[in-house]
Amino acid sequence: MTEAVPAPSAVRGPWQDRGLPVAERVADLLARMTPEEKAGQLAGFWAIPAGPGEPVAPMEDDSHETAPRLEEILDRGLGQLTRVFGTVPVAADEGAARLRELQDRVAAGNRFGIPAIAHEECLNGFMTWGATVFPSPPAWGATFDPGLVAEMAAAIGASMRAAGVHQGLAPVLDVVRDARWGRTEECIGEDPYLAGVLGTAYVTALEQSGIVTTLKHFAGYSASRAGRNMAPTPIGPREFADVVLEPFVMAVRDGGARSVMHSYTDVDGMPAAADERLLTGLLREELGFAGVVVADYFGISFLESRHRVAGSRGEAAALALRAGIDMELPTVRCYGDPLIEMVRRGDVPEDLLDRAAGRVLTLKAELGLLDGAPAWDAAAEQDLDPPEHRALARRLAEESVVLLANDGVLPLRSGDGVVLAGPLADDPFAMLGCYTFPSHVGRLHPEMPLGVRIPTLADAVRAELPGVRVAGSHDVFVAEDADIEAAVAAAREAEVCVLALGDRAGLFGRGTSGEGCDAETLALPGRQAELAAAVLDTGTPTVIVMLTGRPYAIEALADRAAAVVQAFFPGEEGGGAVAGVLSGRVAPSGRMPISVPRRASGPPVTYLRSLMDGGHDWSVVDPVPLYPFGHGLTWTSFEYGDLRADERTATDGAVTVSAVVRNTGERAGTEVAQLYLSDPVASVVRPARWLAGWARVRLEPGEAARVAFRVHADRTSFTGPDLRRIVEPGVIEVSVGRSSADLPLRGAFTLDGPVRELGPDRVLTVPVEVTPL
């Protein structure tokens, strides 16, 4: 039981003095707290957001046990309030009123008057009813545009801040290693540098808006065995360091992220939630992270129930606290009475409790939550989907659409003679990933409208190309013969058929993509491949539009299609973006952030592989992709020439690599010029090439520009034989071109000097300049 404590108004002290350094305020506050009150700051509470004034009902935990009621824990204080907006449909003003009421109760319930940190999901936008739904992270990756991603994050942050929210559970920085993983749709791409640059742009902008970012999932989650959710991760320390960690390094050091969420996985038998070397030794001591580590939902409980490295909730709490997890989300379980009992018995040093509570209170001080002012005040009325946010969502969606193949049928000149078919032709959910409110929560409340206007592809194509006939099915699995027969009949009568295929996002098996919706193969879901083959058999030129959360193996279809267009859950304005590409209003500029495999049952396809891991004569299994990382077409053509590279520099120096890009076509367009490096002789096996930089270059017909990359030797570094990060002397090859597999310009430079060991201040990025000629 919690000890009796004085009333809130009785506790005063230097911790309330905003003129003092935060560290002094926190130290004074900790000295006044009981173990119960310190533990209270580590706990979350997940309330079902009923109307203001109604009883507060807690959400159940992962084992469906009754969670503690708010009244039972209020006198200890509370660390976090979980998803007041993002649990059930609630209008913005009602959510704000409920949050204010809960915060008032939290502050009044503890003797220090300290409110909680309120967090929400924000991967595809502020995940609440009525808020703008932006494109998914693979769509961010397809833009290769960190500036636009930053604009999106700033808009998301402004909405959250106005609603009284303090922390967002995004971005996901997991690097795609096996696209069968259901959460591929939450990842930026398969390259750590692309994920790092775009993820850091998101982090920087969201933090600058006043919202605490939470980097997910630290670390190794996406490299799980066979692409299964929450499966073990069978990778070695070098792949872990050079691929998995790199986006987190950038987002911590350059982005200023103030929170990190641990991964559910275990790496070589060590669960992340219990890994002190990972969460303290690596994250804090090596990377310099100074913020708060939060548990993924029920992740501490899983140490007992799933990983089985703890025999009780108290033991799970002790392992997690020692490892470095500061807060238990989404609701208190292990960090409540079980942890307090362990501390009281002396099984857990109170210093560990002080360490975690001190970090939480430091963050609360930064957010103004120790100042006594109602820092949770939200705007009385706000539009969560204003026109400027929709316009931004449209720009991001348009830049993210990838034209994979085109024999000249696109752009369509008119809608006459065009039929739109396929299971996703007239489905608003075709635009939405798993962590969007309509997919994540709204589908559990079919009585409620979507909350935002989401034009379907049919809506958008009708507006863009009047005269188009729609013959689409609403069944993503295409389960009925009648659906196939209707599409075939419509295609036979058309001059061009646009066939919309792809995914329906959901949770834990309630979709074809999303958390817990892993795939055994990368074959199209359901009978979609059968549908597409039947339509192609008609002989009508067919444009395949893929609206998906992951790439699918479509070689047999792509070879027969007139064109292939890829969009990764492009958000509420995605229909218009795809329609704009079909009509030619939009010049496609997206590039693939994830390789497209040839065969559904083949090995995982990623360009970041060694020579022996690629295609070779000693195996009949060929992992060469159908469309490689970085690939994308547009309405014009570009020519590369005049490669220049400094001949040599020291192992602590830099070189400039530049090339001329020229628009040789008849229309304006945007090229994404890409620089790759290779290390032909190294002390460990290296990837055949890796992305070192890129530039989006918009050129009118006949125009040219020189793209110059400033490459520091640190960008050639890797984890060496003794697991130290080093730069080795020797030749580094450079390649510049259109994709990881289309690199017409080749050169090299030499690094001179000794092997150099790198510290935490190593150079992480490659600046680029574009000079019109």
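Predicted, not measured: the structure shown is a model, and the values here were computed from it.

**Remarks on the overall build of the protein chain**
Counting its regular elements, the protein chain contains 21 helices and 28 strands. Scaling as 2.2 N^0.38, a compact globule of 773 residues should have a C-alpha radius of gyration of about 28 Å, and the protein chain matches this with 27 Å. With the C-alpha coordinates of the protein chain rotated into their principal frame, the extents come out at 80 × 70 × 45 Å. Taken across its 773 residues, the protein chain has 63% of its residues classed as buried. Expressed as a percentage of contacts within the protein chain between residues at least 6 apart in sequence, the contacts between residues at least 24 apart total 79%. Carbon and sulfur atoms make up 51% of the accessible area of the protein chain, which totals about 26,700 Å². Here the protein chain contributes 70 positively and 105 negatively charged side chains, and the mean placements of these two sets differ by 2 Å.

**Side note on the environment of Arg510**
Here Arg510 is to be found in the loop between β14 (496-502) and α19 (528-537). For Arg510, a relative accessible area of 49% puts it in the partly exposed group. Residues Arg510 and Ser439, spaced 71 residues apart in sequence, show a C-alpha to C-alpha distance of 10.0 Å. Sequence-distant contacts of Arg510, defined by excluding residues within four places in its chain, comprise Arg443, Ala505 and Cys517.

**Considering the side chain of Asp191**
Relative to the elements of secondary structure, Asp191 occurs in the loop between β5 (167-168) and α7 (192-208). With no salt bridge to any partner, buried Asp191 finds its closest opposite charge in Arg715, at an N-O distance of 6.4 Å. Non-local contacts of Asp191, meaning those with residues more than four positions away in its chain, are made with Val175, Tyr607, Leu608, Phe629 and Leu691.

**Focus: the environment of Ala490**
As for its placement among the helices and strands, Ala490 is situated in helix α18 (residues 481-492). Contacts of Ala490, omitting those with residues within four sequence positions, involve Val419, Arg469 and Ala471.

**Points about the confidence of the model for the protein chain**
Chain-level statistics for the protein chain give a pLDDT mean of 93 and a share of 95% at 70 or above. Contacts of residues 1-9 to residues separated by more than four positions or lying in other chains number 14 contacts, the stretch itself having pLDDT below 50.

**Observations regarding the sheet that holds strand β24 (residues 725-727)**
Ordered in space as β23-β24-β27, the three strands form an open sheet in which the pairing is antiparallel. What marks the edges here is a single partner per strand, and that holds for β23 (718-719) and β27 (756-757). Pairing geometry for β24 and β27, over two bridges, is antiparallel. Counterpart to Val727 in the pairing with β27 is Arg756.

**Thoughts on α18**
End to end, α18 covers 17 Å across 12 residues, agreeing with the expected 16 Å (1.5 Å per residue, within 8%). Those residues of α18 that are buried lie in contact with β12 (418-422), β13 (469-472), β14 and α19.

**Description of the pairing of strand β15 (residues 542-548)**
Burial analysis of β15 places seven of its seven residues in the buried class, which makes it a mostly covered element. Because side chains alternate across β15, one face comprises the buried residues Thr542, Ile544, Met546 and Thr548, and the other comprises Val543, Val545 and Leu547, equally buried. In terms of strand pairing, β14 meets β15 through six bridges, oriented parallel. Bridged to Leu501 within β15 is Met546. Traced from β14 through α19 to β15, the parallel crossover comes out right-handed. Looking at chain direction, β15 and strand β16 (residues 563-568) are connected through six bridges and run parallel. The partner of Leu547 across the bridge, within β16, is Ala567.

**Some points on the packing of aromatic side chains**
In total, this model carries 13 aromatic pairs according to the counting rule given. Taken together, a centroid distance of 5.9 Å and an interplanar angle of 80 degrees make the contact between Tyr607 and Tyr676 edge-to-face. With Tyr607 in the loop between α21 (574-583) and β17 (638-645) and Tyr676 in strand β20 (residues 669-678), this residue pair connects regions lying 69 residues apart in the sequence. The same class applies to Tyr607 as to Tyr676, namely buried. Connected via pairs of aromatic rings, a cluster forms that spans Phe144, Tyr193, Tyr607, Phe629, Tyr676 and Trp694.

**Quick look at the sheet that holds β13**
Strands sit in the order β11-β16-β15-β14-β12-β13 across an open sheet of six strands; the sheet is mixed. Since the sheet does not close on itself, it has two edges, and those belong to β11 (402-406) and β13, each with one partner. The average angle at which neighbouring strand axes cross in this sheet is 15 degrees, direction not considered. Lying over the sheet, α18 contacts β12, β13 and β14, oriented at roughly 165 degrees with respect to β12.

**As for α7**
Compared with an ideal rise of 1.5 Å per residue, which puts 17 residues at 24 Å, α7 spans 23 Å between its outermost C-alpha atoms and is within 8% of the ideal. Across the 17 residues of α7, 15 count as buried, placing the element largely inside the fold. Where α7 begins, the side chain of Asp191 points an oxygen toward the backbone nitrogen of Tyr193, at a separation of 2.8 Å. Within two residues after α7, Gly210 carries a phi angle of roughly 100 degrees, on the positive side.

**Some thoughts on the pattern of salt bridges**
This structure, assessed with the given rule, holds 54 salt bridges. With a shortest N-O distance of 3.3 Å, Asp254 and Arg253 are connected by a salt bridge. Shared partners join several salt bridges into a network, and the residues in it are Asp385, Arg390, Arg394, Glu398, Glu464, Glu572, Glu573 and Arg585.

**Concerning the nonpolar core**
Across soluble globular proteins, you tend to see nonpolar side chains buried next to one another. The biggest cluster of nonpolar side chains holds 180 residues, and the ones touching the most others in it are Tyr202 and Phe218. The element best represented in this core is α7, accounting for nine residues. Excluding anything up to four places from it in sequence, Tyr202 contacts Cys122, Trp140, Val149, Met152, Ala153, Ile156, Ala170 and Pro171.

**Observations regarding the environment of Arg395**
Counting through the fold element by element, Arg395 comes out in helix α15 (residues 387-400). Sequence separation between Arg395 and Ala577 is 182 residues, and the spatial gap between their C-alpha atoms is 8.0 Å. With residues up to four places along the chain from it excluded, the contact list for Arg395 reads Leu148 and Glu151.

**Quick look at the packing of α15 against α21**
One way to put it is that α15 packs onto α21 with a least axis distance of 8 Å and a crossing angle of 45 degrees. When the interaxial angle is binned, α15 and α21 end up oblique. Crossing handedness for the pair α15 and α21: right-handed. Between α15 and α21, the residues in contact are Arg394, Ala397 and Glu398 and Gly574, Gly576 and Ala577, respectively.

**A short note on unusual backbone geometry**
Across the junction of Lys216 and His217, the peptide omega takes the value -5 degrees, indicating a cis bond. Tracing the backbone through its elements, the reader meets His217 in strand β6 (residues 212-218). The amide bond that connects Leu410 to the next residue, Pro411, takes the cis arrangement and shows omega of 0 degrees. Its place among the elements puts Pro411 in the loop between β11 and β12. Even without being a glycine, Phe508 presents a positive backbone phi close to 50 degrees. Here Phe508 lies in the loop between β14 and α19.

Cut-offs and rules
- Residues numbered from 1 in each chain as written.
- Predicted model: local features only at pLDDT ≥ 70, side-chain atom pairs only at ≥ 80, totals over all residues.
- Heavy atoms only, no water.
- Helix = DSSP H or I, 4+ residues; strand = E, 2+ residues; numbered from the N terminus.
- Rg over C-alpha atoms; globule rule 2.2 N^0.38 Å.
- Buried < 20%, exposed > 50% of the residue type's maximum accessible area, 1.4 Å probe, protein only.
- Contact = heavy atoms within 4.5 Å.
- Areas by Shrake-Rupley, 256 points an atom, 1.4 Å probe, with all protein chains shown as cover.
- Lys, Arg positive; Asp, Glu negative; His and termini not counted.
- Charge placed at Lys NZ, Arg CZ, Asp CG, Glu CD.
- Salt bridge = Lys/Arg side-chain N within 4 Å of Asp/Glu carboxyl O.
- pLDDT = per-residue confidence, 0-100.
- Pairing = 2+ DSSP bridges.
- Expected span 1.5 Å × (residues − 1).
- Right-handed = clockwise from strand over helix to strand, strands pointing away.
- Phe/Tyr/Trp six-rings, centres within 6.5 Å; stacked < 30°, edge-to-face > 60°.
- Axes fitted to C-alpha atoms, helices over the stretch in contact; angles between N-to-C directions.
- Polar contact = N/O pair within 3.5 Å; in protein donor to acceptor, adjacent residues only side chain to side chain.
- Core = buried A, V, L, I, M, F, W, Y, C linked by side-chain atoms within 4.5 Å.
- Parallel < 35°, antiparallel > 145°, perpendicular 65-115°, else oblique.
- Left-handed = near helix turned anticlockwise from the far one by under 90°.

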